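# Structural characterization, general
Read off the chains here:
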Amino acid sequence: MKKEELSEDELLDQVTSTEYKYGFTTKMDSDTIPKGLSEDVVRLISKKKNEPEWMLKYRLEAYKIWLSMEEPDWANVKYKKPNYQDIIYYSAPQPKKKLDSLDDLDPELKKTFDKLGISVNEQKRLSNVAVDIVMDSVSVATSFKSTLAKLGIIFCSISEAIQEHPELVKRYLGTVVPSGDNFFSALNAAVFSDGSFCYIPKGSKCPMELSTYFRINEAGTGQFERTLLIADEGSYVSYLEGCTAPQRDENQLHAAVVELIALDNAEIKYSTVQNWYPGNKDGIGGVFNFVTKRGICHKNSKISWTQVETGSAVTWKYPSCILKGDNSVGEFFSVAVTNNFQQADTGTKMIHLGKNSKSTIIAKGICAGKSDGSYRGLVHISKGAKNSRNFSQCDSLLMGDKCGSHTFPYIEVKNNSSQVEHEATTSKIGEDQIFYCNQRGIGTEEAIALIVNGYCKDVLNQLPMEFAVEAQKLLEISLEGSVG
Amino acid sequence: MLKINDLKAGIEDVEILKGINLSVNKGEVHAIMGPNGSGKSTLSAVIAGNETYEVNSGSILFDGEDLLDLDPDQRAHKGVFLSFQYPVEIPGISVSNFIKAAITEKRKVLGLGPISAKELLSSMKEKMELLSMKKGYLSRNMNEGFSGGEKKRNEIFQMAMLEPKLAILDETDSGLDIDALRIVANGVNKLKSKENATIIITHYQRLLDYIVPDFVHVLHNGRIIKSGGKELAHELEEKGYDWVTKEADEKWGY
Ligand SMILES: Nc1ncnc2c1ncn2[C@@H]1O[C@H](COP(=O)(O)OP(=O)(O)OP(=O)(O)O)[C@@H](O)[C@H]1O
Ligand SMILES: [Mg+2]
């Protein structure tokens, strides 16, 4: 008679057999310091990087603040708090010789990138993307530098920026996310070992997408990258960020800080495709992703955050905009997928200070397996932010009945000329939708991918073309077999 | 081509189809009529493989192979197409992308690579003309916000694109205005060939004036209680169902 049907449990179980595609380690010598965190370690990191005195001072202050802080526990996530003395805070791939072009890359490293499907060379040729790569903690190569330099655009590792452009770093570092902002930002400020730096000069439109790939490779290391992006008056830049990590049984810590500064009339588009190792099907291992991302918008400027989050065991992340200038615009487009035992507490904060400031929030959660996904968002409209507007839409899509989704919207409006709209929906993929697709010859896996893609369309559309394709593939991989 | 033998199916312990027998040959058009709730849509869903319904006995042979052994998508690949009585919305997926996905999957089974965008587009254009569809259709999301008639036309459009061997049209006429009915019926007629077959489920003679059936069956309470030629439909239109159902109810003790 009928083909044997898989029970829901069996189907849900199949999800878990989908292996993490990026889980491999690269054999490379690395310059690693002993585990643990102390003032000496902070000094050692600074010394290894040959940093100026002001930078060391900045780090030490942050370290002091961190010591006085407690790890937050208000988020809707449960995890065993990392032992901060059991983490390696600095690990740099060897040889550490400086590279002028990607062609000089270490062959092992090159292989890694090929496995990641990045294929740097291809990217370089085909997609007009300038790539900066941060492996463990150190930026390995930056491409397209000379093309950009001609336009006065600076795109380099933050270490290099500290050496070569100290005035810019000094002026902006920590202005949007001060060290004392939260536990993880303080930790990051004390120990960050690399990250990206970008400066777009006045009136300049960056002619290509700038992009950084982050990867944690070394066992037992934490990754603390720091990104600082400044779009000077009237400039424009689109920036992409991708993340992966090898499979490991222990949890790895990723505590990054990203600061964006959009000066008058500038526009920054910041896109992330995050695929850190989510842990195995029993919830063992995986990356703890505790990230602080925030941008400040001056007059008539705009910042757009787009994120597709499929990885990490625990995600704690709220890319935010401070809409300081009049007529400034903040946007947040997010797809967050959780599967198996993944937990995500993510969302955004839109702080309206300037008049006529506008913000849009489109957050799409997809939960499968035994995972938990939460949207947490704050819309704050201050007294002076007259005629401001916000539109928020938070949708969740559930697959199976063992997962959970939660929405925590906080809305504070301090004047009466402003408008805030909030819409929220929760849905399941309907059996009738799947049958309809099946009837047209589209198998159940493909049908789910198709339906999920349709559900995420508003967000995926915000991504640059080649990233959107990658994001779609990631969504498919992370949801394979998760039929309810 | 299609041979249904003593098919019994239902939901949980309620039997909806109580022993259906039906043979459809290549090149034929069969009409299935019957009162509301008699099991017409259930029959089409079971043929297409909707797992909501449990099949308790019988077989559905399609070109000699029992469809009951196949998943719904595999049945579609064999050439079974169902125009839904209530087409489903798929938000965020455009008509063109949906059809592309369906055609890509079908081609995969045939060992063919993806269709070129150009080829796909020209074939879509041709079929749209056949059904007098407006250009905007392709970029609209599948059935999202479609009017009742637009949904039905979209079903026949997909049928035209997928070129099935067996098309089951479940009340495709309901919701279509008078002009649309003629256009869609003409479209269906043009797609007919000696090699394929059509099953039309309808309540009204009007559609059968356009698509003339070779056989008409009356489904009542889960059984085909009467079969005849195209004149049976006229008779039903005139006299209603009572005269056929009464006899059957006496026979089956209902
Ligand atoms: N999913 C379901 N759950 C419960 N009952 C069902 C389901 N599907 C069908 N039925 C019942 O089975 C019977 C047949 O339904 P079906 O939809 O096949 O009728 P139909 O002949 O297509 O009617 P109509 O002319 O109104 O479209 C009805 O009594 C209906 O209520
Ligand atoms: Mg029906």
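Every value quoted in this text rests on a predicted model; they were computed, and no experiment measured them.

The next thing to look at is the overall build of chain A. The helix and strand tally for chain A stands at 12 helices and 23 strands. When burial is assessed residue by residue, chain A has 62% of its 484 residues classed as buried. Counted over contacts in chain A with a minimum sequence separation of 6, partners at least 24 positions apart contribute 84%.

Once that is clear, we can look at the coordination of the magnesium ion (ligand 2). Residues and elements named next belong to chain B. Looking at the magnesium ion (ligand 2), one finds its protein donor set to be Ser41 (OG) and Gln85 (OE1), positioned 2.0 to 2.2 Å from the metal centre. Of this pair, Ser41 sits in helix 1 (residues 40–48) while Gln85 sits in the loop between strand 6 (80–83) and helix 3 (95–109), placing them 44 residues apart in sequence. A residue is classified by how much of its surface remains accessible, and Ser41, at 29% relative accessible area, is partly exposed. Classification of Gln85 by relative accessible area gives buried; the value is 18%.

Our focus in this paragraph is the pairing of strand 20 (residues 372–381) of chain A. All names here are of chain A. Summarising burial for strand 20: 9 of the 10 residues are buried, a large majority. Strand direction decides the pairing type here: strand 18 (residues 343–352) and strand 20, joined by 10 bridges, are parallel. Bridge assignment links Ile351 to a residue of strand 20, and that residue is His380.

What follows is about the packing of aromatic side chains. Residues and elements named next belong to chain A. Summed over the entire model, instances satisfying the criterion amount to 20 aromatic pairs over all chains. Judged by centre distance (5.2 Å) and plane angle (70°), the rings of Phe184 and Trp316 are edge-to-face. Of this pair, Phe184 sits in helix 9 (residues 183–191) while Trp316 sits in strand 15 (residues 314–317), placing them 132 residues apart in sequence. Here Phe184 matches Trp316 in class, with each residue buried. Through a chain of ring-to-ring contacts, the aromatic side chains of Tyr63, Trp66, Trp74, Tyr84, Phe183, Phe184, Phe288, Phe290, Trp316 and Tyr318 assemble into a single cluster. Lying across the ring of Tyr455, Lys364 places its NZ or CZ 4.9 Å from the centre.

Residues and elements named next belong to chain A. Per the stated rule, a full pass over the model turns up 7 cavities of 30 Å³ or more. For the largest cavity, the calculated volume is near 190 Å³. Contributing to the lining of the largest cavity are 19 residues, with Lys364, Gly365, Gly373, Ser374 and Tyr375 lying nearest its centre. Elements with a minimum of two residues in the lining of the largest cavity: strand 17 (329–338), strand 18, strand 19 (358–367), strand 20, strand 21 (389–398) and strand 22 (404–413). Element by element, the count of residues in the lining of the largest cavity is highest for strand 19, at 5 residues. For the lining of the largest cavity, the residue count by class is 7 nonpolar, 10 polar and 2 charged.

Residue and element names in this part refer to chain B. In space, the 6 strands of this open sheet follow the order 6-7-8-3-9-10, with mixed pairing throughout. Taken across any chain shown, the strands that pair with only one partner, and hence form the sheet edges, are strand 6 and strand 10 (223–228). When the angles between neighbouring strand axes are averaged without regard to direction, this sheet yields 20°.

This part takes up the nonpolar core. Ranked by size, the top nonpolar core spans 112 residues in total, and within it Ile366(A), Val452(A), Ile4(B), Leu7(B), Ile60(B), Phe98(B) and Phe157(B) carry the most contacts. If one sorts the elements of this core by residue count, helix 11 (residues 444–460) of chain A sits on top with 9 residues. The residues touching Phe98(B), leaving out its near neighbours within four places in the chain, are Tyr436(A), Cys437(A), Arg440(A), Ile442(A), Leu450(A), Ile90(B), Ile93(B), Met142(B) and Gln158(B). Residues Leu60(A), Ala62(A), Tyr63(A) and Val169(A) belong to the second largest nonpolar core, which totals 54 residues.

Residues and elements named next belong to chain A. Tracing the backbone shows Thr272 in strand 12 (residues 267–275). What makes Thr272 buried here is its relative accessible area of 2%. Within polar-contact distance, the side chain of Thr272 engages the side chain of Lys293 at 3.1 Å.

Residues and elements named next belong to chain A. Remark: helix 3 (residues 53–67) packs on helix 9, axes separated minimally by 7 Å, with the N-to-C direction vectors making an angle of 145°. You can see that helix 3 and helix 9 cross each other, and the crossing is left-handed. Along its contact with helix 3, which presents Tyr58, Arg59, Ala62, Tyr63, Ile65 and Trp66, the element helix 9 presents Phe183, Ala186, Leu187, Ala189, Ala190 and Val191. Taken together, the residues that form the contact of helix 3 with helix 9 break down as 11 nonpolar, no polar and 1 charged.

Before going further, it helps to examine the site of ligand 1. All names here are of chain B. Neighbouring residues of ligand 1: 14 residues in total, closest Gly37, Lys40, Ser41, Thr42 and Tyr53. In the model, an oxygen atom of ligand 1 is placed 2.9 Å from a nitrogen or oxygen of the His203 side chain. Protein contact buries 61% of the 640 Å² of open area that ligand 1 shows by itself. Among the elements that line the shell around ligand 1, the one with the most residues is helix 1, at 3 residues.

Moving on: the interface of chain A and chain B. On the chain B side, the residues contacting the 22 residues of chain A number 38 residues. Together, the buried faces of chain A and chain B total about 2500 Å²; carbon and sulfur atoms form 61% of this surface. Linking chain A with chain B are 1 salt bridge. Between Arg440(A) and Glu155(B) there is a salt bridge, with its nearest N and O atoms 2.6 Å apart. Taken together, the links from chain A to chain B amount to 12 residue pairs in polar contact (both at pLDDT 80 or more). Those elements giving two or more residues to the side of chain A that touches chain B turn out to be helix 10 (431–439) and helix 11 of chain A. Along the lines of polarity and charge, the residues of the side of chain A that touches chain B split into 8 nonpolar, 7 polar and 7 charged.

Parameters at a glance
- Residues numbered from 1 in each chain as written.
- Chains lettered and ligands numbered in written order.
- Predicted model: local features only at pLDDT ≥ 70, side-chain atom pairs only at ≥ 80, totals over all residues.
- Heavy atoms only, no water.
- Helix = DSSP H or I, 4+ residues; strand = E, 2+ residues; numbered from the N terminus.
- Buried < 20%, exposed > 50% of the residue type's maximum accessible area, 1.4 Å probe, protein only.
- Contact = heavy atoms within 4.5 Å.
- Donors = N, O, S within 2.8 Å, 3.2 Å for Na, K, Ca; no water.
- Pairing = 2+ DSSP bridges.
- Phe/Tyr/Trp six-rings, centres within 6.5 Å; stacked < 30°, edge-to-face > 60°.
- Lys NZ or Arg CZ within 6 Å of the ring centre and 35° of its normal.
- 1 Å grid on protein atoms, 1.4 Å probe; cavity = no way out; pocket = protein on both sides within 12 Å on 5 of 7 lines; lining within 4 Å.
- Points joined across faces, edges and corners; volume = space filled by probe spheres on them.
- Nonpolar A, V, L, I, M, F, W, Y, C, P; charged D, E, K, R; others polar.
- Axes fitted to C-alpha atoms, helices over the stretch in contact; angles between N-to-C directions.
- Core = buried A, V, L, I, M, F, W, Y, C linked by side-chain atoms within 4.5 Å.
- Polar contact = N/O pair within 3.5 Å; in protein donor to acceptor, adjacent residues only side chain to side chain.
- Left-handed = near helix turned anticlockwise from the far one by under 90°.
- Near = heavy atom within 4 Å.
- Areas by Shrake-Rupley, 256 points an atom, 1.4 Å probe, with all protein chains shown as cover.
- Buried area = accessible area lost by both parts, 1.4 Å probe.
- Salt bridge = Lys/Arg side-chain N within 4 Å of Asp/Glu carboxyl O.

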